[in-house]
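Single-letter residue listing:
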Amino acid sequence: KFILMKIMIILVMMVVSTIAQAQTAIATSGNVNAVAKASSSQTKTTKTSVSVSNSDDSYSLHATFDNWKTKKVEKLLSENLDSNLFTAEKSAKVWKKENNGETAYSFILKEGRLKASIDKELVSKSTLEKLEALGEKISEALSDN
């Protein structure tokens, strides 16, 4: 927990320091990788932050971005996740896979925010690879203006 807290502090500092130009930063500690991306342009200011935590038994992605990018992320999720897993809640769109009453993975999209988590012990290797690739696609889509 302490390592994750340090990584999050480092990520926040990196994002704040990248106001003038686009940058990608990767922080690694032990078996946890965290990626922060921030970008801005001369014609419009955009704020994007993506952090990924990838350990032996779990994978998570947390992203905050401009509200106008929400539709782009929703399109990627819809194209890459099973529509049978989709539910619309109050202010969120959720794709959630259950395995024996436990959450194998979930993607929760709100206006300007995405939270994804995968329990590696409850998904197949091929599913994990597919979902990690989706996380990469989302990161790339959010870093494009």
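Residues numbered from 1 in each chain as written. Predicted model: local features only at pLDDT ≥ 70, side-chain atom pairs only at ≥ 80, totals over all residues. Heavy atoms only, no water.

Peer 1: Explain helix H3 (residues 125-143) to me, and be specific about the residues and the numbers.
Peer 2: Over its 19 residues, H3 runs 27 Å from end to end, which matches the ideal 27 Å to within 8%, given 1.5 Å per residue. Residues Leu 128, Leu 131, Leu 134, Gly 135, Ile 138, Ser 139, Ala 141 and Leu 142 constitute the buried set of H3. Taken down its axis, H3 places every buried residue within 165 degrees of arc, on the same side. Those residues of H3 that are exposed and aimed more than 90 degrees away from the buried face are Lys 125 and Ser 126. (Helix = DSSP H or I, 4+ residues; strand = E, 2+ residues; numbered from the N terminus. Expected span 1.5 Å × (residues − 1). Buried < 20%, exposed > 50% of the residue type's maximum accessible area, 1.4 Å probe, protein only. Arc of directions from axis to C-beta.)

Peer 1: Residue-level account of the nonpolar core, with values.
Peer 2: Ranked by size, the top nonpolar core spans 27 residues in total, and within it Leu 61, Leu 77, Leu 81, Tyr 105, Phe 107 and Leu 114 carry the most contacts. Listing elements by their share of this core, those giving two or more residues are strand S3 (49-54), strand S4 (58-64), helix H2 (70-80), strand S7 (102-110), strand S8 (113-119) and H3. Top contributing element to this core by residue count: H3, with 6 residues. Not counting the four nearest positions on each side in its chain, Leu 114 is found in contact with Leu 61, His 62, Ala 63, Phe 65, Val 73, Leu 77, Ile 108, Leu 109 and Ile 138. (Core = buried A, V, L, I, M, F, W, Y, C linked by side-chain atoms within 4.5 Å. Contact = heavy atoms within 4.5 Å.)

Peer 1: Please provide a residue-by-residue account of the pattern of salt bridges, values included.
Peer 2: If you walk through the whole model with that rule in mind, you get 4 salt bridges. Between Lys 93 and Glu 74 there is a salt bridge; the shortest N-O distance is 3.2 Å. A residue pair is termed long-range when its members are at least 10 positions apart, and Lys 93 in strand S6 (residues 92-99) and Glu 74 in helix H2 qualify at 19 residues. Among the residues examined, Glu 74 registers a relative accessible area of 17% and is labelled buried. A salt bridge links Lys 75 to Glu 79, with the shortest nitrogen-to-oxygen separation between them at 2.7 Å. Residue Lys 75 and its partner Glu 79 are both found in helix H2; the two are separated by 4 residues, about one turn of the helix. Across the pair, exposure class does not vary: Lys 75 and Glu 79 are exposed alike. Overlapping salt bridges bring together Lys 71, Glu 74 and Lys 93 as one network. (Salt bridge = Lys/Arg side-chain N within 4 Å of Asp/Glu carboxyl O.)

Peer 1: Explain the environment of Lys 137 to me, using residue names and the numbers behind them.
Peer 2: Checked against the element boundaries, Lys 137 lands in helix H3. Sequence-wise, Lys 137 and Leu 77 are 60 residues apart; in three dimensions their C-alpha atoms are separated by 9.8 Å. Those residues in contact with Lys 137 that lie beyond four places of it in its chain are Leu 76 and Asn 80.

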